[in-house]
Amino acid sequence: MKKLLSAVMILVAAMSLSSCSYNSIVKLDEDTKAKWGTVQSQYQRRADLIPNLVATVKGVANFEKSTLTEVAEARAKATSIQVDPSKLTPETIKQYQEAQGQLSAALGRLLSVTENYPTLRANENFTALQGQLEGTENRIAVARMDFNNSVKAYNSKIRAFPANLTSKMFGFTPKGYFEADATAQKAPKVEF
């Protein structure tokens, strides 16, 4: 009888601990999904600005058409990749990040090429769009940082005892982080 009572008490204690852990894991999971929504929203804002920027740049005679094509193709690829918030694995985050990185690189080339066009630099629409893009890039950086902080809290929770037992029991898996671009490890070479 004592063994049965001990087993029941252990079961009740385990269920109590798992219930508390389960609820907190769900809250952290939902927070991570919400932060992911903010990341996607900011990237979409950037993608929505690009057609206006390209249209403004197209108005300049003899502008490099290959640069505009590259931006348009990178935008199409970046907007075609959608990540389900319930599947924020390291692999899906990396795939999403790579597509967005290609768009960032194409935009960077576009903006650097525009330096050769003083009439474009003087265009009010271009200047306003460039300012909006810069602001959006800052918003993206903040959203990514908030997302990573949320992922850290979630991943830490599902790995810590006793929540790790609950997370395994209910199938909660680690989520992926946004990571620095591999090229960010090298300092740019500045020449005058």
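Going by the structure above, here's the rest.
Residues numbered from 1 in each chain as written. Predicted model: local features only at pLDDT ≥ 70, side-chain atom pairs only at ≥ 80, totals over all residues. Heavy atoms only, no water.

## Let's talk about the packing of helix 3 (residues 90-113) against helix 5 (residues 124-159)
Selection rule: Under this scheme, a helix contributes an axis fitted over its contacting stretch, all axes are lines through C-alpha atoms, and angles between N-to-C directions fall in the 0 to 180 degree range. A helix here means a DSSP run of H or I that spans at least four residues, while a strand means a run of E at least two residues long, and both kinds are numbered starting from the N terminus. What sets the label is the angle itself: under 35 degrees gives roughly parallel, over 145 gives roughly antiparallel, 65 to 115 gives roughly perpendicular, and the rest give oblique. Each helix crossing is assigned a hand: it is left-handed if the near helix lies turned anticlockwise from the far helix by less than a right angle, otherwise right-handed if that turn is clockwise. It only takes one pair of heavy atoms within 4.5 Å for two residues to be counted as in contact. Ten residues, namely Ala, Val, Leu, Ile, Met, Phe, Trp, Tyr, Cys and Pro, are considered nonpolar, four, namely Asp, Glu, Lys and Arg, are considered charged, and the remaining ones, Gly among them, are considered polar.
Contact pair helix 3 / helix 5: the axes reach a minimum separation of 13 Å and the direction vectors enclose 155°. As far as their axial angle goes, helix 5 and helix 3 are roughly antiparallel. The two elements helix 3 and helix 5 cross, and the hand of that crossing is left-handed. Residues I93, Q97, L107 and L111 of helix 3 pack against F126, Q130, L133, R144 and F147 of helix 5. Class assignment for the residues of the contact of helix 3 with helix 5 results in 6 nonpolar, 2 polar and 1 charged.

## Side note on unusual backbone geometry
Here the amide bond leading from F161 into P162 is cis, since omega sits at 5°, within 30 degrees of zero. Summarising the element assignment, P162 is placed in the loop between helix 5 and helix 6 (163-170).

## Let's talk about the side chain of S21
Formally: The classification of residues rests on relative accessible area computed with a 1.4 Å probe and restricted to protein chains. Under 20% of the type maximum is buried, over 50% is exposed, and intermediate values are partly exposed.
Along the chain, the position of S21 falls in helix 1 (residues 2-58). Residue class for S21 comes out buried when judged on its relative accessible area of 6%. Those residues within four positions of S21 in sequence are excluded, and the remaining contacts are K157, P162, A163 and T166.

## Looking at the pattern of salt bridges
For clarity, the threshold we go by: Whenever Lys or Arg places a side-chain nitrogen within 4 Å of a carboxyl oxygen from Asp or Glu, that contact is recorded as a salt bridge.
Scanning the model with the defined rule gives 7 salt bridges in all. Between K175 and D29 there is a salt bridge, with its nearest N and O atoms 2.8 Å apart. Taken together, the positions of K175 in the segment after helix 6 and D29 in helix 1 put the pair 146 residues apart, joining distant regions of the chain. Grouping residues by exposure puts K175 and D29 together as buried. One salt bridge in this structure joins D84 and K87, with 3.7 Å as the shortest N-O distance. Residue classification places D84 among the partly exposed residues on the basis of a relative accessible area of 35%.

## Describing the nonpolar core
Counted only if it meets this: Among buried residues, the Ala, Val, Leu, Ile, Met, Phe, Trp, Tyr and Cys ones that are joined through side-chain atoms within 4.5 Å form a nonpolar core.
In this structure, W36, L107, F147 and F178 are the most contacted members of the largest nonpolar core, which totals 33 residues. If sequence neighbours within four positions are ignored, W36 has contacts with V83, P85, L88, I93, Y96, F147 and F178. With 5 residues, the next largest nonpolar core counts I25, Y154, A163 and F172 among its residues.

Just geometry here; none of it tells us what the structure is for.
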